[in-house]
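# Structural overview for review
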Amino acid sequence: MDRTLERRRPPLNRLPGGFVAAVALPPALFLSLFYLWPFATLVGRGTTGGAIGATFGRADTWRVLWFTTWQAAASTALTIVIGLAPAWAVARFEFPGRRLLASTLTAVFVLPTVVVGAAFVALLPDSLDRSVWAILGAHVVFNLAVVVRTVGAAWERIPTDLEHAAATLGAGPVRTFLDVTVPLLRSSVAAAGAIVFLFTFTSFGVIRVLGTADRTTVEVEVWRRATQLGDLGGAATLTLIQLAALGLLVVWTASQQRRHTHRFVAARSVARRRPRGRERVAVIAAVTITGVIVAAPLLALVERSLRFEGGYSLTAWRSLGNSEIRPGLRLGVDPLGALQRSAVTALWATVFAVIIGAAAVVAISALGRAGRVLDVGLMLPLGTSAVTIGFGMLITFDTPPVDWRAEWWLVPIGHALVAAPFVVRTSLVAVRTIPHDQAAAAATLGASPIRAWWHTALPVLRRPLAAGAGLAAAISLGEFGATSFLSRAGGETLPIAIERLLGRTGRVFQAQAFALSTILAAATIAIVMIVDRGGDHARGS
């Protein structure tokens, strides 16, 4: 088996050592300069005795930790309960709209959190749009795809013979589900729950939009202490507390998965079939309810962007290019300018992510063990919240000779840190499928190792790099956590502009925020669907 894989692996180890070192240097420097150094600075600020004692001595710290934990637990439980029905339907049955449902859930999952928060402001009445129920609802809608994808993938591999055997022995549907299906799904449910808990525990954009002074998470408290109170030590300490809590969660989840993982024979996914009888009613109900839960907030967003002063008009849309809607009523932000800055920032973030990601792919594939270290290092930003990344960069690059806070490129660099791993992951898979014989044949015909690799790898990498570029652009357009620390007055991106408009009093400002949210949601969904369609085309070719 190992020898077969070795024969299929491209001969990147034959590339000249100097070339490989030169290619590996940019991603290594990028990671060290913009992630490891800021992270070390943050640890240094957060581990001083005075900062730790002062942070734990505040009653506000314990209140924030309690709210962060219980709302994450409640959001996770609700998401799992609501997500099991569509996971069952998608995993077991073939029905019209099945693929559309899965794609829609995925598209909502990649929506900017600010847009999801704005959608619930648009959907709910004033008495509920800043309530705990709004926060929980937004988290459920945002994370449903995690449960449907993760649990559904395990569900469709459970042999139906086990369920049929239980039914033959007299077990009803409920008992069969509890005694047979649930134990086999426990590992995947734990994995999905851990992911959802991580996302909701580190919730930032949703809480910034829907939270209040008494309903704030650790992420928001870090931002408040760093940018509004000037308590950098307290903010750094809270960041480390959060990282420690998430580390314990990962360890616990891994142990639970090892403990509850069941092995059964399932060489491939069980064939899906058309639902019959009661199954059809249950599938229709599950799909309809899920569709309403997901679509209602987005439709409300569009509807509220058109509602103005008791009627419907395009006033909010027409005034996107103005800093005021009518004389004397100023917006406080430049909506069209924010849109342009988001586009430019996303462009540069995509360029940075693709360059770093492409160089990393070559280095990781050619360096063996050292390449694996670089691979793991580039994945670290994915396990770190964007708030932590932005805060670390803020306190690191704020004094000469590295006073870069006002530099235009700092925000797209922060976005590229999160986006580059997606470029690496999609491209590495493609590179590792290149047959050894292709590059060997090119070398036999007299091509240099670099030229041989270029002609064999480049055609394979074009599509994965394009997909990675699309994901990088989508991530950058909606990025809010790091941008909240790194952006400056007059340099607001779309998520920042949306949050500020929603924070102002008056329906006119909300209508502008809903219009901008609609634009951002449409752009993100379009990018993701193009990437997804490209992936389907590649798999079919």
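All of these numbers come straight from a predicted model, not from anything done at the bench. (Residues numbered from 1 in each chain as written. Predicted model: local features only at pLDDT ≥ 70, side-chain atom pairs only at ≥ 80, totals over all residues. Heavy atoms only, no water.)

Time to look at the overall build of the protein. A tally of regular secondary structure across the protein gives 23 helices and 4 strands. Burial statistics for the protein: of 541 residues in total, 49% are counted as buried. The contacts of the protein with a sequence gap of at least 6 include a subset with a gap of at least 24, amounting to 80%. With the model as given, the accessible surface of the protein reaches about 25,200 Å², and the carbon-plus-sulfur share is 64%. (Helix = DSSP H or I, 4+ residues; strand = E, 2+ residues; numbered from the N terminus. Buried < 20%, exposed > 50% of the residue type's maximum accessible area, 1.4 Å probe, protein only. Contact = heavy atoms within 4.5 Å. Areas by Shrake-Rupley, 256 points an atom, 1.4 Å probe, with all protein chains shown as cover.)

Aromatic ring pairs: the centre-centre distance and the angle between the two ring planes describe each pair. Under the definition given, this model contains 18 aromatic pairs. Measuring from ring centre to ring centre gives 5.8 Å for Phe34 and Phe397, while their planes differ by 65 degrees; the resulting arrangement is edge-to-face. Remark: Phe397 occurs in the loop between α17 (386-396) and α18 (410-431) and Phe34 occurs in helix α2 (residues 17-46); sequence separation between them is 363 residues. On the numbers, 5.6 Å between centres and 50 degrees between planes, the contact of Phe56 with Trp62 is tilted. For Phe56, a relative accessible area of 35% corresponds to the partly exposed category. One aromatic cluster in this structure is built from Phe30, Phe34, Trp37, Phe397, Trp404 and Trp409. Positioned above the aromatic ring of Trp223, the side-chain terminus of Arg208 is 3.7 Å from the ring centre. (Phe/Tyr/Trp six-rings, centres within 6.5 Å; stacked < 30°, edge-to-face > 60°. Lys NZ or Arg CZ within 6 Å of the ring centre and 35° of its normal.)

Time to look at the environment of Trp348. With respect to the element layout, Trp348 can be found in helix α15 (residues 335-367). Between the C-alpha atom of Trp348 and that of Trp409, which follows or precedes it by 61 residues, the distance is 7.9 Å. If we skip the residues at most four places from it in the chain, Trp348 touches Trp408 and Pro412.

Relative orientation and spacing of two packed helices are given, respectively, by the angle between their axes and the distance between those axes. Two elements in contact, helix α4 (residues 59-92) and helix α13 (residues 278-306), have axes separated by 9 Å at closest approach and are oriented at 125 degrees. It follows from the interaxial angle that α4 and α13 lie oblique. When you trace α4 past α13, the crossing you get is left-handed. Here α4 contributes Ile82, Ala85, Pro86, Trp88 and Ala89 to the contact with α13, which in turn contributes Glu279, Ala282, Val283, Ala286, Thr290 and Ile293. Across the contact of α4 with α13, the residue classes tally to 9 nonpolar, 1 polar and 1 charged. (Axes fitted to C-alpha atoms, helices over the stretch in contact; angles between N-to-C directions. Parallel < 35°, antiparallel > 145°, perpendicular 65-115°, else oblique. Left-handed = near helix turned anticlockwise from the far one by under 90°. Nonpolar A, V, L, I, M, F, W, Y, C, P; charged D, E, K, R; others polar.)

The next point concerns the environment of Phe197. By the element assignment, Phe197 lies in helix α9 (residues 173-201). Sequence separation between Phe197 and Leu249 is 52 residues, and the spatial gap between their C-alpha atoms is 8.9 Å. Discounting chain neighbours no more than four positions away, the residues touching Phe197 are Thr69, Ala72, Ala73, Thr76 and Leu249.

Let's shift gears to the nonpolar core. Taken as a class, soluble globular proteins show a tendency for nonpolar side chains to be buried jointly. One finds Leu210, Val222, Phe391, Phe485, Ile498 and Leu502 to be the most contacted residues of the largest nonpolar core, which totals 72 residues. The leading source of residues in this core is helix α7 (residues 132-155), at 11 residues. Among all residues touching Ile498, those that are not within four sequence positions of it are Val114, Ala118, Ala513, Leu516, Ser517 and Leu520. Within the second largest apolar cluster, 35 residues are counted, among which are Val361, Leu374, Val424 and Leu465. (Core = buried A, V, L, I, M, F, W, Y, C linked by side-chain atoms within 4.5 Å.)

Another aspect to go through is the environment of Val64. Tracing the backbone shows Val64 in helix α4. For the pair Val64 and Arg215, spaced 151 residues apart in sequence, the C-alpha to C-alpha distance is 7.6 Å. Each residue touching Val64, except ones within four places of it in the same chain, is listed here: Thr216, Thr217, Val218 and Glu221.

Looking now at the packing of helix α6 (residues 113-123) against α7. Two elements in contact, α6 and α7, have axes whose closest approach is 10 Å; the angle formed by their N-to-C orientations is 130 degrees. It follows that α6 is oblique to α7 by the angle criterion. Taken as a pair, α6 and α7 cross one another with a handedness that is right-handed. Facing α6, whose interface residues are Thr113, Val116 and Phe120, α7 presents Ala134, Gly137, Ala138, Val141 and Phe142. Split into classes, the residues belonging to the contact of α6 with α7 amount to 6 nonpolar, 2 polar and no charged.

For α6, the tally of buried residues reaches 9 of 11 residues, placing the bulk of the element in the interior. For α6, the full list of buried residues reads Val114, Val115, Val116, Gly117, Ala118, Ala119, Phe120, Val121 and Ala122.

This part covers the confidence of the model for the protein. Chain-level statistics for the protein give a pLDDT mean of 82 and a share of 82% at 70 or above. For the protein, per-element mean pLDDT is lowest for helix α1 (residues 2-8), which scores 44, and highest for α6, which scores 94. A low-confidence stretch, residues 1-11 stays under pLDDT 50, and its non-local contacts, those more than four residues away or across chains, total 13 contacts. (pLDDT = per-residue confidence, 0-100.)

Glancing now at the pattern of salt bridges. Applying the stated criterion across every chain yields a total of 11 salt bridges. For Asp231, the salt bridge identified is with Arg58, shortest N-O distance 3.1 Å. In this pair, Asp231 sits in the loop between α11 (218-227) and α12 (232-260) while Arg58 sits in the loop between α3 (49-56) and α4, placing the two residues 173 residues apart along the sequence. Between Arg425 and Asp375 there is a salt bridge, and its shortest N-O distance comes to 2.9 Å. Linking Arg425 in helix α18 with Asp375 in helix α16 (residues 369-379), this pair joins segments that are 50 residues apart in sequence. (Salt bridge = Lys/Arg side-chain N within 4 Å of Asp/Glu carboxyl O.)

Residue placement: Thr237 occurs in helix α12. For Thr237, the side chain forms a polar contact with the main-chain oxygen of Gly233, separated by 2.9 Å. Every residue in contact with Thr237, bar those within four places of it in the chain, is listed here: Gly46, Ala51, Ile52 and Thr55. (Polar contact = N/O pair within 3.5 Å; in protein donor to acceptor, adjacent residues only side chain to side chain.)

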